[in-house]
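So the chains spell out like this:
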Number of protein chains: 2
Amino acid sequence: MIKYPNGQAFEPVAQLKHEQFVKAKQQKVVFGHRGMALEDEINSSNEYYRNHDTAVVYKKPTPVQIVHVDYPKRAKAVIKEAYFRQPSTTDYNGVYQGRYLDFEAKETKNKRSFPLKNFHQHQIDHFKRCLKQQGICFVLVKFVAWERVFLYPATKLITAWEAQQQGGAKSIQLTEFEHHGYEIKYAIHPILPYIQAVEQLLDYLKESN
Amino acid sequence: MIKYPNGQAFEPVAQLKHEQFVKAKQQKVVFGHRGMALEDEINSSNEYYRNHDTAVVYKKPTPVQIVHVDYPKRAKAVIKEAYFRQPSTTDYNGVYQGRYLDFEAKETKNKRSFPLKNFHQHQIDHFKRCLKQQGICFVLVKFVAWERVFLYPATKLITAWEAQQQGGAKSIQLTEFEHHGYEIKYAIHPILPYIQAVEQLLDYLKESN
C-alpha cells in the first residue's frame, strides 16, 4: 500500500478528483455535443427532464471534508482548507414515475471494451443495497471514440465485477453492451434521452418477473 | 436586497452554513440522544437502516464551489479556496421498498410553533416536482425543547407555505403537527425510527387514493 510520509494511506480518490478538476478547467465551449463530457450531457438532460416534469434526477455534490472556514466581514464565507472525501454512493439518483433511479456515469477512450477498474467496490455495494430495495440501478457508459452511450443494468455489472474478482475478465466488451445494454442515441431535447433506455429496462424487468 | 461591496447579492446560505459549521465544531460527545442534533440522529438511523437492509437513504453532501486546489507532492490534494453554494434540492433522499423518499430535516427552539422561515423556496419547488413523480416527500421537524420529532407530509407543508405567501400564518402550530403529522418516538435501534412514520404516511396515501 502506498502511504504518505505521515503514515496515512494514499487515497486514489484524491488523484481521481484532481483529474476531474483539471478536466473541468480545460473544458471549453462546445458546439452540439461533440467533445462534451458525459457528465455535462447528463446534467443538461436532467435539467431538461426536470423542466418538463419527466423525471427529477440530480448529480450529488462532490463530498468535501471542510477543515477551515474564514468569515471575512462584509464578504461571504471562504473555505480555506478542505479535502476530497471518498463518496459512499453513486453520483446520480432521483425519481421517475414513482421509481427510484440510481446510477453512475463513466466514459472510456478504449475502443473495444470497458475496463472494470472504472468502478469501485463502494459503488457495487451501494448498487446491491439499492437493488434489494427495488431501486432501478444502472450505469451509463460512453465510448468516447465512437460517441456511443449505453445504459447497462447494475445487475449485469455486478456479475462482471464478481467474475473479475474470481479471476475473470478485467473489462466488459463493447459487443456485450450492444447485446445486453440499451444504446442511447444523441438527440436535441434532451441531448442524451436516457429515460427512453430506462423505459426499455423497466419493460425488460417486467417481462422477466 | 443586501449586497456585498463588489455588488454581489448577499447569500443567506453562507451565513446558514456558517452556523451549521460552528455548531458541528461545538458538538461534543453525548450520551443517548439528549442534546444530539437532529441531523446526527437521522444519519445514525440511516446507517442502521442500511446495515439492516431496511432502506437506503443518505444525506447529500454540502454543495461547494471549488475555486483553487493545491496538489502538494507526496500529499493529498488540498482545496484552498471554495465557497458554499445554494443547494437545489432537499438534504436527504433514497429508496425504501421501491418507493423514492425525499425529505428535509429542521429543528426549532420554539415551544408552540414551527416558523416557516426554516424552509426555502427551492425546497418547496423541489418537493412539488418530486410529488409529481409520485415521490414520498416530507419533512422531519424537531421541537428541541420537548425532544419531540414529527414527520409532516410535504403536501401539507406546501399548503402552509402558499397560505403564508398570501398573508397567512408565518408558522405551523405544534398542535397541527400533533393532528396531521406522525410523531416519531426515540428508540435505540435505530435512535430515530422514522421509517415507521413513513409506513403510516404510505398507509394514509393508500387510503386517500
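Bear in mind that the values here come from a model prediction, so they are computed numbers and not experimental data. (Residues numbered from 1 in each chain as written. Chains lettered and ligands numbered in written order. Predicted model: local features only at pLDDT ≥ 70, side-chain atom pairs only at ≥ 80, totals over all residues. Heavy atoms only, no water.)

Between chain A and chain B, the contact holds 50 residues from the first and 49 residues from the second. When chain A packs against chain B, the two sides together hide about 4600 Å² of surface, and 63% of this comes from carbon and sulfur. Broken down residue by residue, the surface that chain A buries against chain B is led by K76, I79 and Q133 of chain A, which jointly contribute 16%. Where chain A packs against chain B, one counts two salt bridges. One salt bridge connects D53 of chain A with K132 of chain B, and the closest N-O pair in it is separated by 3.0 Å. In this assembly, chain A and chain B are joined by 13 residue pairs in polar contact (both at pLDDT 80 or more). Among the elements of the structure, helix 1 (12–26), strand 1 (56–59), strand 2 (64–70), strand 3 (78–84), strand 4 (92–96) and helix 3 (121–132) of chain A are those that each provide at least two residues to the side of chain A that touches chain B. (Contact = heavy atoms within 4.5 Å. Buried area = accessible area lost by both parts, 1.4 Å probe. Salt bridge = Lys/Arg side-chain N within 4 Å of Asp/Glu carboxyl O. Polar contact = N/O pair within 3.5 Å; in protein donor to acceptor, adjacent residues only side chain to side chain. Helix = DSSP H or I, 4+ residues; strand = E, 2+ residues; numbered from the N terminus.)

Turning our eyes to something else, we now look at the sheet that holds strand 2 of chain A. Taking strand neighbours across the sheet as the criterion, the four strands line up as 2(A)-3(A)-3(B)-2(B) in an open arrangement whose pairing is antiparallel. Single-partner strands in this sheet number two, and they are strand 2 of chain A together with strand 2 (64–70) of chain B. Pairs of neighbouring strands in the sheet enclose a mean axial angle of 35 degrees, with direction left out of account. Where strand 2 of chain B and strand 3 (residues 78–84) of chain B come together, six bridges link them in antiparallel fashion. Bridge pairing in strand 3 of chain B links V69 of chain B to I79 of chain B. (Pairing = 2+ DSSP bridges. Axes fitted to C-alpha atoms, helices over the stretch in contact; angles between N-to-C directions.)

In this section: helix 3 (residues 121–132) of chain B. Here helix 3 of chain B spans 17 Å end to end across 12 residues, near enough to the 16 Å set by a 1.5 Å rise per residue. H122, Q123, I124, H126, F127 and C130 of chain B are the residues of helix 3 of chain B that are buried. Along its buried surface, helix 3 of chain B packs onto strand 1 and strand 4 of chain A together with strand 5 (99–108), strand 7 (136–143) and helix 4 (154–165) of chain B. Downstream of helix 3 of chain B by a residue or two, Q134 of chain B has a phi angle that is positive, lying close to 65 degrees. (Expected span 1.5 Å × (residues − 1). Buried < 20%, exposed > 50% of the residue type's maximum accessible area, 1.4 Å probe, protein only.)

For the rest of this paragraph, the subject is the sheet that holds strand 5 of chain B. Residues and elements named next belong to chain B. Reading across from one edge, 1-4-5-7-8-10 is the order of the six strands in this open sheet, with mixed pairing throughout. Each end of this open sheet is capped by a strand with a single partner; those strands are strand 1 (56–59) and strand 10 (182–184). Put simply, the sheet's adjacent strands are angled 25 degrees from each other on average, direction ignored. Relative to strand 4 (residues 92–96), strand 1 runs antiparallel, the two sharing four bridges. Within the sheet, the bridge partner assigned to V57 lies in strand 4 and is G94. Running over the sheet, helix 3 touches strand 5 and strand 7 and is turned about 155 degrees from strand 5. The strands that helix 4 touches are strand 7 and strand 8 (148–153); relative to strand 8, the one it contacts most, it runs at about 85 degrees.

It is worth spelling out the relation of the copies chain A and chain B at this point. When chain A is brought onto chain B, the operation consists of a screw motion whose angular component is 180 degrees and whose axial shift is 0.0 Å, with 0.0 Å RMSD remaining. The two molecules are tied by a two-fold rotation axis, judged by turn and shift. The share of interface residues of chain A whose copies in chain B are also at the interface is 98%, consistent with both copies meeting through the same surface. (Least-squares fit on C-alpha atoms with pLDDT ≥ 70 in both.)

We now examine the nonpolar core. By size, the foremost hydrophobic cluster in this structure holds 48 residues, and its most contacted members are L157 and F177 of chain A together with L157 and F177 of chain B. Apart from the residues lying within four places of it in its own chain, the contact partners of L157 of chain A are L116, F119, I124, F127, V139, Y152 and I172 of chain A. (Core = buried A, V, L, I, M, F, W, Y, C linked by side-chain atoms within 4.5 Å.)

Residues and elements named next belong to chain B. On inspection of all chains with the given rule, the structure shows 17 salt bridges over all chains. Across the pair K128 and E162 runs a salt bridge, and its minimum N-O distance is 2.6 Å. Of this pair, K128 sits in helix 3 while E162 sits in helix 4, placing them 34 residues apart in sequence. Assessed through its relative accessible area of 32%, K128 is described here as partly exposed. With a shortest N-O distance of 2.8 Å, E183 and R148 are connected by a salt bridge. Of this pair, E183 sits in strand 10 while R148 is found in strand 8, placing the two residues 35 residues apart along the sequence.

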